[in-house]
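An overview of the molecular structure
One letter stands for each residue in the lines below.
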Amino acid sequence: FFFFFFPTQRRTMGAPRQLRKRNDNFSKNVTKRGNVSIGKAAEHEDDGLPASKYLIAFFCFVVIGSSIVQIFSMFQRSPPPLGDE
């Protein structure tokens, strides 16, 4: 009785050829993860730092300068020492 309302087989269209090909290629690559040959990575030359020297110098200037300004402002706002008045 319930089989009439809930058929066990679904009828779907087949996947297009391009999609099946991409799916097969992806399935093959899943098993190769972590075991891939060096390939292009061996040809890659390291160009040095990802940031330029000027960017690093500017960053240091901002960080060190702001810390110095913070220290000076902390000493200016410090309460006067309690003494014999």
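Report on the accompanying structure. (Residues numbered from 1 in each chain as written. Predicted model: local features only at pLDDT ≥ 70, side-chain atom pairs only at ≥ 80, totals over all residues. Heavy atoms only, no water.)

Moving on: the overall build of the protein. Secondary structure assignment for the protein yields four helices and zero strands. A total of 85 residues make up the protein; the buried ones form 1% of that total. On the protein, roughly 9600 Å² of surface is accessible, and the fraction owed to carbon and sulfur atoms is 63%. (Helix = DSSP H or I, 4+ residues; strand = E, 2+ residues; numbered from the N terminus. Buried < 20%, exposed > 50% of the residue type's maximum accessible area, 1.4 Å probe, protein only. Areas by Shrake-Rupley, 256 points an atom, 1.4 Å probe, with all protein chains shown as cover.)

Relative to the helices and strands, serine 73 is located in helix α4 (residues 53-76). Polar contacts involving the side chain of serine 73 include one to the main-chain carbonyl oxygen of glutamine 70, which spans 2.9 Å. (Polar contact = N/O pair within 3.5 Å; in protein donor to acceptor, adjacent residues only side chain to side chain.)

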